[in-house]
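# Residue-level structure breakdown
Each chain, letter by letter, is given below.
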Amino acid sequence: MNTQTKIAALILMGFLTITSCGKKESGQVGEPADTTETSTEGEAAPVTSTAENVLVIEGNDQMQFNTNELKAVAGKPIKLTLKHVGKIPKEAMGHNLVILQEGTDQTAFALKANDAKATDYIPESEKASIIAHTKLLGGGEEDTIEFTIDKKGSYPFVCSFPGHVAMMKGVLIVE
Ligand code: ZN
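Residues numbered from 1 in each chain as written. Predicted model: local features only at pLDDT ≥ 70, side-chain atom pairs only at ≥ 80, totals over all residues. Heavy atoms only, no water.

## Examining the overall build of the protein
- In terms of helices and strands, the protein carries four helices and eight strands.
- Listed N to C, the secondary structure of the protein is α-α-β-β-β-α-β-α-β-β-β-β in terms of helices and strands.
- The buried share of the protein, reckoned over its 175 residues, is 38%.
- By sequence separation, contacts in the protein at least 24 residues apart represent 68% of the contacts at least 6 residues apart.
- On the protein, roughly 10100 Å² of surface is accessible, and the fraction owed to carbon and sulfur atoms is 55%. (Helix = DSSP H or I, 4+ residues; strand = E, 2+ residues; numbered from the N terminus. Buried < 20%, exposed > 50% of the residue type's maximum accessible area, 1.4 Å probe, protein only. Contact = heavy atoms within 4.5 Å. Areas by Shrake-Rupley, 256 points an atom, 1.4 Å probe, with all protein chains shown as cover.)

So, in structure tokens, the structure goes:
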């Protein structure tokens, strides 16, 4: 019975070792609690190296983003999540996040977007100015997008829902 328990623990540890990106077994056998702790620490390093490009921004029912500045590192994939933390449906209080090329006029872009209801306010005519964008979200929804910006700089972003650019805009600083 005791041996079986140990074997089961070993199998579990082996599984954990495989799933935690090849963490090295220290040689100690039969101490699953200790191993679990160590493997968590072992995982931390690789996660941290990309964590700086994991961005989360919120939009609310007061037509506001919770920040007007995002920061990321050039040349590495950026994982950006927009959360609509309000309750109002997207028809009335829709939010998206559109990252624009450097130097794009946010207000001028938003004016073009006003006419693009059919494409959730992403104007086809301005595609060249768009680096990436989320879906249009209503209250309680969220969307995550991934993109990479190779060139360091300041990239304006907006919510392109009609009228929102006045309040909902900011800059993504890529360093
Ligand atoms: Zn909005």
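The structure having been displayed, the exposition proceeds.
## Quick word on the nonpolar core
- Core analysis: the biggest nonpolar cluster contains 34 residues, and Leu80, Phe147 and Leu172 have the highest contact counts within it.
- For Phe147, the contacting residues outside a window of four places in its chain are Lys76, Pro77, Ile78, Leu80, Ile99, Ile131, Ala132 and Leu172. (Core = buried A, V, L, I, M, F, W, Y, C linked by side-chain atoms within 4.5 Å.)

## Concerning the sheet that holds strand E4 (residues 98-100)
- The strand order E2-E8-E7-E4-E5 describes an open sheet built from five strands, whose pairing is mixed. Taken across any chain shown, the strands that pair with only one partner, and hence form the sheet edges, are strand E2 (69-72) and strand E5 (130-133). Averaged over all neighbouring strand pairs, the angle between strand axes comes to 25°, with direction disregarded.
- In the sheet, E4 pairs with strand E7 (residues 153-158) via two bridges, with the strands oriented antiparallel. Pairing of Ile99 across the sheet is with Phe157, part of E7.
- The strands touched by helix H4 (residues 106-114) within the sheet are E4, E5, E7 and strand E8 (169-174), with E7 carrying the most contacts at an inclination of about 35°. (Pairing = 2+ DSSP bridges. Axes fitted to C-alpha atoms, helices over the stretch in contact; angles between N-to-C directions.)

## What about the pattern of salt bridges?
- Scanning all chains against the criterion turns up four salt bridges.
- With its nearest N and O atoms 3.5 Å apart, the salt bridge here joins Glu126 to Lys112. Separated by 14 residues along the polypeptide, Glu126 in the loop between H4 and E5 and Lys112 in helix H4 bring together distant segments of the chain.
- The class for Glu126 is buried, based on a relative accessible area of 15%.
- A relative accessible area of 45% places Lys112 in the partly exposed class. (Salt bridge = Lys/Arg side-chain N within 4 Å of Asp/Glu carboxyl O.)

## Focus on the coordination of the zinc ion
- Taken together, the protein ligands of the zinc ion are Gly94 (O), His95 (ND1), Cys159 (SG), His164 (ND1) and Met168 (SD), with distances of 2.1 to 2.8 Å.
- Sequence spacing among the residues donating to the zinc ion works out to G-H-x63-C-x4-H-x3-M. An identical accessibility class is assigned to His164 and Met168; each is buried. (Donors = N, O, S within 2.8 Å, 3.2 Å for Na, K, Ca; no water.)

## Some words on the sheet that holds strand E3 (residues 77-84)
- Spatial strand order, E1-E3-E6: three strands in an open sheet with mixed pairing. Looking along the sheet, the strands with just one partner apiece sit at the ends: strand E1 (54-59) and strand E6 (142-148). With direction set aside, neighbouring strand axes in the sheet form an average angle of 20°.
- Across six bridges, the pairing between E1 and E3 is parallel. When the bridges of E3 are listed, Val54 appears paired with Lys79.

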